[in-house]
Amino acid sequence: MVRVLRALTSLTTDTIMDNLAVKTDSDTLLFYCNGTKVLDPDVDPALTLLTYLRTKLRLTGSKLGCGEGGCGACTVMVSKYSSKDKTISHIAVNACLTPICSVHGMAVTTVEGIGSTTTRLHPVQERLAKAHGSQCGFCTPGIVMSMYTLLRNILQPTMEEIESAFEGNLCRCTGYRPILQGYKTFTKDGCCGGTNTTCCKNIPNGISVQEEGVLTTLFDASKFMPFDPSQEPIFPPELMINLYEMDSRPRTFVGVRVAWFRPVTLQQLLELKATNPKAKIVAGNSEVGVEVKFKNQHYPVLVDPTHIPELTSVERTPSGVRIGAAVSLTSVSDHLKEIIQKEPEHKTRVFAAIVEMLRWFAGHQIRNVATIGGNIATSSPISDLNPLFMAAVCTIELVSKSGKRTVSMDGNFFTGYRKNVIKTDEIILAINVPFTCENEYFYGYKQSPRREDDIAIVNAGMRVVLKPGTNEVQDCSLSYGGMAPTTVLATKTMKNITGRCWSDGLVEAMASFLLEDLPLSPGAPGGMEPYRQSLTLSFFFKFYLAVLEQLRLEQPGIISGSAVPPSYKSANQPYHKNSARGVQLYQVPSGQPDSDAVGRPLTHQSAFKQATGEAIYVDDMPPIKGELYLALVMSRKAHANILSVDTTVALALNGVHAYVNADDVPGNNLLGSSPVYDDVLYADKTVNCVGQVIGVIVADNQAIAQRAAKLVRVEYEELPAVFTIEDAIEQNSFFPVSRCIQTGDLDQGFETSDHIIEGEVRSGAQEHFYLETWTTLVIPGEGGEVEVISANQSPSRTQSLVAEALGIASHKVVSRVKRLGGGFGGKEARACLHAAVCAVAVNKVKRPVRLMLDRNEDMMISGTRHPFLARYKVGVTSYGQLRALEVDLYSNAGSTYDCSPSVLERSMQNVDNCYKCPNVKVTGHMCRTNLASNTGFRGFGSPQAMLVAETIMSEIALKCGLTQIKVRDVNFYKDGDETFYGQELKHWNLDKCWDQCLVQSDYNNRRLDVDEYNRKNRWRKRGLAITPTKFGISFTVKYYNQAGALVHIYNDGSVLVSHGGTEMGQGLHTKMIQVASRTLRIPQEKIHINETNTSQVPNTSSTAASFSSDLNGMAIKEACETLLHRLEPFIQDNPKGTWESWVDAAYKDRISLSSTGFGRARDLYFDWEKGKGDPYAYFVYGVAVSEVEIDCLTGDHQVLRTDIVMDVGDSLNPAIDMGQIEGGFIQGYGLFVLEDYRVSPSGQLLTTGPGFYKIPSFGDIPAEFNVSLLTRAPNPLAICSSKAVGEPPLFLAASIFFAIKDAIQSAREDAGIPRAFRLDSPATAERIRMACQDQFTKQISTPEEGTYKPFFLRP
Ligand SMILES: Cc1cc2nc3c(=O)[nH]c(=O)nc-3n(C[C@H](O)[C@H](O)[C@H](O)COP(=O)(O)OP(=O)(O)OC[C@H]3O[C@@H](n4cnc5c(N)ncnc54)[C@H](O)[C@@H]3O)c2cc1C
Ligand code: FES
Ligand code: FES
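Residues numbered from 1 in each chain as written. Chains lettered and ligands numbered in written order. Predicted model: local features only at pLDDT ≥ 70, side-chain atom pairs only at ≥ 80, totals over all residues. Heavy atoms only, no water.

J.: Help me understand the sheet that holds strand β43 (residues 1087-1089), please; the structure alone is not making it clear to me.
T.: Within a sheet, each strand pairs with its neighbour through backbone hydrogen bonds, oriented either parallel or antiparallel. Taken together, four strands build an open sheet; the order of strands is β43-β42-β41-β45 and the sheet is mixed. Both outer strands of the open sheet, β43 and β45 (1154-1160), are each paired with one neighbouring strand and no more. Adjacent strand axes in the sheet meet at a mean angle of 25° when their direction is disregarded. Of the strand pairs in this sheet, strand β41 (residues 1042-1049) and β45 are connected by seven bridges, and their pairing is antiparallel. (Pairing = 2+ DSSP bridges. Helix = DSSP H or I, 4+ residues; strand = E, 2+ residues; numbered from the N terminus. Axes fitted to C-alpha atoms, helices over the stretch in contact; angles between N-to-C directions.)

Now the structure itself:
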C-alpha cells in the first residue's frame, strides 16, 4: 500500500491515476451479495455500491431515486461480523452513497436476495404488496429493505420502531398509511388488517361501521405467510473465518481515477496522511459522496478510517465519554443511551441532548454510516452536533504523524465557512463529551422545514450552570447553528447573563444581546432572516422555561415567584406522536359473480414484481449492444444570448463520441404542445431559462458523458430576466393569452353587498418529485425506424415529437411505455420533448442511446406545478352569502406555453369550488418568466384556484362572525344548480359527503375541545378546519377525450389487453383488467396487460386529467363486448362449456379473436367568447376535516387527525381508490404546507434534490387518518358506475392549511392582533411562526422588500 502511495505522491493527481495501472498493488475486492461471493480484481473505487449492483452485477432491484441519500430507494442491507464482539450486525445503508470498496469483507443483501415471485416472496415483500403499499413501485425495494433490516435486528418490533426505520425512505404515491398498516402485522400486537372482530380496525376510534356491506379491511392478514426468522440466509461463514485476515491487513484498491486505501492501524493511517496530506479521509461518505456527485469534486486518493480500533471505540472516562471519530451516529446514540441508563440523570444531560438531536438527524441509512468525526470535520454551519459540542465545551483529539494535540471546541474551533483548526496532515481521533454536574442544565434545539430527515434552519446547544443552591447564573454557553458561516457562540449574551438570576425578565433582558450576537443582514445566505432571528429568541425562551421547570421540580425553593404559568407549560413539551392509526371504510359489491373483479380491492397488478425488484423500469433494461450514454449540456443562465460553444476539451476526452446540437436536428427544432409550438429542442441562439438544453454529449458511459458535458464551455451575453409573478406583472411580461369568464352583474352585486373584502393569496410551485427521474432509451432500426422506450405519460405525443424532430412520418416511430416510477403530470408533456432530444442524438451516432436524468437535472428542467397569485374582491351579505366575486388569477407559466393555457382555464373554472355566486368575473393571466416551463401537475390548476375560494370563505366567516361551517353551508350549490359558467350540477353528492364527514370526524365536539385547548395554552395552539371539493372530470381540450383499445384472445383462452393509458402507479392497468373481467365474464387471472405501445393502440391521449379509467375503460369495454358478441354463438352451442372451449371453438371456426374498441366522452365544450359551457363529464366530490397543533414559537406543526369522505361512485377497486385518495391527500399536504420551491435571484434552482426540497415523509402523515368512500352513490355517467379519483382528493389537504390558519388565528388573538391575516401557501414553518406575532417577533425588524437583494425568490 505504501509503495502505491509513494507512486501517487510523486505525480500530480490526474496523471497519477492514468499511470496507476500498477494492478499488482491493487487488492481484489471481496464481498458477498445475496449469498454469492463477488471477487473483483479490477474494481473501480470511484463506483458506488448502487452503480456496482445495477451495472456490474445486473441487480436492478435497488433503484436510483436521488443519488444523495435522501430518498431511500437504493436501500440495501450490509452485514458485518465483528471479531471483537463476535457478533454480526445488519445495517440499512443507502447504496447510492456507499463506496463499493467500503463493503470489502461484508455481505450485501438486496431486494432480490430475500425473495422472488418465481420462488417465494419474503413476508416483508408479500405484506407490503398485499396491503396495497406499492403503487408505482419505485420506492418499494428500498422500503422493503429498510423493513427487512429492521426485522433482522428486532424480530418483533414496535410500531414506533417500524416508523423510525422509514425515516430515510420517501414514497410519493401511497401516502404511507398502507405501508405502515401492512407492516403493523409484524408487531407484537400486530393488526390483522381487520380479520378478527377484535381488531383495531373494527373498533375504529369513534367511527361506527353500522352500514351493511361496509368493510374496513382492504387485505386479509390471516392469509399472510408467517414470518419465520429461522429461514433467513446465514452470514457467509467465509467472512467470519477469514475475518482476522480481512481486518488485520491493510487494503488498497486502485482504479483509473481513484485509489482507495483501507489502513487497519492508526500508524498506517498517519503514514498515509503524512505522505499525501491531500488524501481524503472518507468515513460514512455522506458528505464526500454528495460533493463528488453534485459539487464537481474529485478526490483521487480516498482513505477509509473505519477499521482502525482507536477511531472506532467508545469509552466511558472519569469525566465523560470519549467517542472515536469514526464511530457511526447510530452507534454513538446506542452507547450514550446505555450510559444514560447507568448514570444519574444530572450527569448525562449533554448525552440526552445528543441522543434527542440524533433522532432528528437524517434517517437510519445515513446515521448507520455517517460518523461523528465526519460531522465535526465538515464544519457545516448547520451541523446538528457542533452546536451541542460547542455548548458542552467538548474537546477534540487531533493526531498526525508528528504528534497528538487536544483542542477545545470553543469559539476558535471554526475558522470560516466549512473551515476549522484541523491541519491538513491531522485527523480527528476522538471527541470527549463531558458529564454535567447537578446544577448544570443542557438542552439542544433544532428547527428544520420538515421534522424528520431534514437539515436545520437554525439549531442550538444551550448550557447553564447555576451557583449551587441559587438561581444565579455562574456560567453559560449558548451556541447556534444556521446564523453565520460557522457554528457560533452568543458571546455577549453569555457574558451578560453571568451573575443574573434565572427568573422573570431574564429572556427580555437577554433578547437584545442575542440579536446583537446573531445578526443577519438582509439577503444573508439562507434567507428567512427575520424568521431565523426569531428562532434564536424562541429557543432561548424555551431553554429558559425548561430550566425553570426543572428547577421547580428539583429545587422549588430557589425560583419562588418565577413559576412557569400553566398556559406556558406546553411551550416546551417535547414532540410526541402516537403511532399512526386510522380506518378505511368502503362498500363491497353484492350479488355479482365471483369471476367479476369489478369493485373488489384487488392488489395492484405489478405489486409483487415491484416488491421483489423484478419490475422493469426503463433504466433497468439491460444495455443494448453498442449502446451509448447521453449527458445534457444545459444553460447556466436564465436569459442570455449564446455567444459561443466550445466543445474541444470535452470531445478530446477518451470515450466521448459526439456533441449534438441544434445543427443536428434533421426535422423541426421548434416543437411544443398543441396548439402553440414554442419549445426549442436544442437552444441555438438564446436561452430562456437555467437548465435549457443547449446540446448533448454522447459517450461510452454515464460517468464519461457527464464529465465531458461539464467541460463544454458556453459563453453567454446575459439579458434581463423575470422570475416571479409580481415581477412579471410589474414588467408586463405575459403570454398573449388572457381569459375571462363573466356572469351576472358585478357592479350590482357589489352594490347590494353588506361587506366587501379584498385580498391576495399566493400558492407556490410544486415539484413533481416522482421517484424515477426522466429516463429514455432510443434504439435505431432499419430504414430510419426508431423505437423509443421511455418513462412518460404520453406515448403518442412522444411518437409525434420524435417524428417531427427527425423529419420522418409517425409510422416509423414506435413509442413504448411499460411503467413509470410516478408521473403526476410531470411526464405528460415535457418528458416527450426530452425523448426527441435523445432521438436526435441517435440519428447522429446511429447507435442506441440512453439517458436517465440525475435528480438535480430533472428538477431543474422538468418544470413544476404553476405558482399562482390571486387578487380577489368579494361582496357578501351580512349573513355571509356571496353576492359578487371578482378574481384575477395570475399563473407563472415559465418560459414556454406547454399546457399552461389549459391549466389556467381549468383554474378559472374551479375558482368557485363548491359555492354559488350570482355575479362573477374571473380573469386569467399567464406570466412569462425565465423559469423552466411549468406544466401539468395532479389537479391541473384546480387546487390553486380552490385555495382562493376557501381563503375567501374563511375571510367571510371572520368578517361576518360566522362559523366556518355556517359560511359554507349558506353558500353551497344545490342539486340542479348551474355553476357560474352554466354547467348543471347533476347528482350533487357534496352535501352527503359534508354531513357524513361532520359526523365521522365528530367535528362539533372537537371544535369545542380545540377552543378549550387554545384557551389553556399560550404557545401551542390547535386548529380545526373542514374543506370541501368539487372536481370536474374531463380534458378541457375536447379532442383529448378519446381512447382506444385492442384486445386479443389467444387460442388458449388467455386475453391480452392493450389500451392507450400508461401505468404510473395509479393502478390503471389493474382497473382495466377488472373492466375486461366484468365484460368478458372471466376471472382477472386470465387477463394480462403488457405495456402501452403506439403500434398497438394509436393516437393515445395523455394519461392525465383523472380520465384514463373512464376513457380507456370504455374502449376496453367496447372491444370486449365485440369479442363476446362473436363468442356468443359458441356459448349458445355449448352453454356448459368453459371459456377455453368457446375460444377454441371460435378459433377453429375462423372467427377473429381480436378487436379494437374506442371510447369517447360525450360532447363537452366551453365557449370562451361567452364564458359558458358544459366542459365536464361529471363532478367528483369530497370533504376533509383536519386538526393540527402548531408551535407558535418555532412554526413547527403536527397533523393530529384527518377524516375524509370521498365520492368515487361505485369504486372500481376500493384499495386502489383508497391509495389514490390517501396518496393525493399527502401530496396535497406537501403542496399546501411543506414543499417550498425556491430559486436564486439569478434563476438557479436552490431546492434541488431531497436534501433541500422536502416532500412529506412517513412521519408527516396524520396521527389518525380515517378515509371513507361514500356509499350508495353510483355514478351513471362513467364506466361501471365509478368515478375518477386521481386528482380530486389532492385539494382536500387544504384542510390542513386552513387548520393551521385557524391555530395561528388563536395565537394572534392572544397577542392582541387581528385574527384576519394573509396566509400564503405553502404554510411553512417560517410563515406559521412569523404570523404568530408576539413580544419576540416584535423585536426583529423586517427589511422592506426591494431595498435589498433577497437570498431566494419564491416564483
Ligand atoms: C441525506 C443526508 C442527510 C443529512 N442530514 C444531516 C443532518 O440532519 N444533520 C447534520 O448535521 N448533517 C446531516 N448530513 C450531513 C452528514 O451526514 C454529516 O455531516 C455526517 O456526520 C458526515 O459524516 P461522514 O462520516 O459521512 O463524513 P464523510 O462524508 O465520510 O466525511 C466528511 C468530511 O469529514 C472528513 N473526515 C471524516 N472523518 C474524519 C476524521 N476522522 N478526521 C478528519 N477528517 C475527517 C472527510 O475528509 C470529509 O471532509 C446529512 C447528509 C445526508 C447525505
Ligand atoms: S437513491 Fe440513494 S437515497 Fe435516493
Ligand atoms: S409507490 Fe412509492 S414512490 Fe411510487
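J.: When you look at the packing of helix α19 (residues 506-517) against helix α20 (residues 529-554) in this model, what are you seeing that I'm missing?
T.: The geometry of a pair of packed helices is captured by two quantities: the angle between their axes and the separation between those axes. Where α19 meets α20, the axes come as close as 10 Å, and the angle between the chain directions of the two elements is 145°. For the crossing formed where α19 meets α20, the hand is right-handed. Contact residues: Leu506, Val507, Met510, Ala511, Leu514 and Leu515 in α19; Gln533, Thr536, Leu537, Phe540, Phe541 and Tyr544 in α20. (Left-handed = near helix turned anticlockwise from the far one by under 90°. Contact = heavy atoms within 4.5 Å.)

J.: Before we go on, may I ask you to explain the packing of aromatic side chains in this structure?
T.: One pair of aromatic rings is described through two measures. These are the centre distance and the angle between the planes. Per the stated rule, a full pass over the model turns up 41 aromatic pairs. Aromatic side chains tryptophan 502 and phenylalanine 540 sit 6.3 Å apart centroid to centroid with 70° between the ring planes, which places their arrangement in the edge-to-face category. One end of the pair, tryptophan 502, is in the loop between α18 (491-497) and α19; the other, phenylalanine 540, is in helix α20, and 38 residues separate them in sequence. We note that tryptophan 502, like phenylalanine 540, is buried. Consider the rings of phenylalanine 1035 and tyrosine 1040, whose centres lie 5.4 Å apart with planes at 85°: the pair is edge-to-face. One exposure class covers both phenylalanine 1035 and tyrosine 1040, and it is buried. An aromatic cluster of at least three residues, connected via ring pairs, comprises Phe166, Tyr176, Tyr183, Phe186, Phe227 and Phe1258. (Phe/Tyr/Trp six-rings, centres within 6.5 Å; stacked < 30°, edge-to-face > 60°. Buried < 20%, exposed > 50% of the residue type's maximum accessible area, 1.4 Å probe, protein only.)

J.: I'm lost on the pairing of strand β11 (residues 314-317) in this one. Help?
T.: Note on strand geometry: in a regular strand, side chains alternate between the two faces of the sheet. With four bridges connecting them, β11 and strand β12 (residues 320-324) associate as antiparallel partners. Following the sheet pairing, glutamate 315 is matched in β12 by arginine 322. Taking the residues between adjacent antiparallel strands as the criterion, β11 and β12 are bridged by two residues.

J.: Even after reading the chapter, I still don't get the site of ligand 1, so can you show me in this structure?
T.: Close to ligand 1 lie 31 residues, the nearest being Lys280, Ile281, Ala283, Ser286 and Thr371. Side-chain polar atom of serine 286 to an oxygen atom of ligand 1: 2.6 Å apart, as the coordinates give it. In this structure, glutamate 287 approaches ligand 1 through a main-chain N or O atom, which is 2.8 Å from an oxygen atom. With the chains in place, 92% of the 980 Å² that ligand 1 exposes on its own is no longer accessible. Contributing elements (two or more residues each) for the shell around ligand 1: β9 (280-281), α16 (372-378) and β17 (427-434). No other element matches the five residues that α16 contributes to the shell around ligand 1. Grouping the amino acids of the shell around ligand 1 by side-chain chemistry returns 15 nonpolar, ten polar and six charged. (Near = heavy atom within 4 Å. Polar contact = N/O pair within 3.5 Å; in protein donor to acceptor, adjacent residues only side chain to side chain. Areas by Shrake-Rupley, 256 points an atom, 1.4 Å probe, with all protein chains shown as cover. Nonpolar A, V, L, I, M, F, W, Y, C, P; charged D, E, K, R; others polar.)

J.: Looking at this structure, how should I read the UniProt feature "binding site: [2Fe-2S] cluster 1" (unreviewed entry) in the protein?
T.: UniProt's feature table lists "binding site: [2Fe-2S] cluster 1" (unreviewed entry) at Cys66, Cys71, Cys74 and Cys96, given in the numbering used throughout. Look at the named residues: they lie 31 residues apart in sequence, but the longest C-alpha span between them is just 10.1 Å, so in the fold they bunch up. Turning to its location among the elements, cysteine 74 is positioned in the loop between α3 (49-56) and β3 (75-82). Apart from residues lying up to four places away in sequence, cysteine 74 is in contact with Leu50, Ser62, Lys63, Val93, Asn94, Ala95 and Cys96. Classification of cysteine 96 as buried rests on a relative accessible area of 7%. If sequence neighbours within four positions are ignored, cysteine 96 has contacts with Thr48, Leu50, Leu64, Gly67, Glu68, Gly69 and Cys74. (UniProt positions renumbered as here; feature names shortened; annotations may be inferred.)

J.: Before we go on, may I ask you to explain the pattern of salt bridges in this structure?
T.: Between side chains of opposite charge, a pair can form as their charged atoms come close. Applying the stated criterion across every chain yields a total of 79 salt bridges. For arginine 349, the salt bridge is made with glutamate 554, and the minimal N-O distance between the two is 3.2 Å. Of this pair, arginine 349 sits in helix α14 (residues 349-359) while glutamate 554 sits in helix α20, and the two are 205 residues apart along the sequence. According to the relative accessible area criterion, arginine 349 is buried, its value standing at 5%. Salt-bridge contacts for glutamate 1189 lead to arginine 1022; the nearest nitrogen and oxygen are separated by 2.8 Å. Placement of the pair is glutamate 1189 in strand β48 (residues 1178-1191) and arginine 1022 in strand β40 (residues 1020-1033), with a sequence separation of 167 residues. You can call glutamate 1189 buried: its relative accessible area is 5%. (Salt bridge = Lys/Arg side-chain N within 4 Å of Asp/Glu carboxyl O.)

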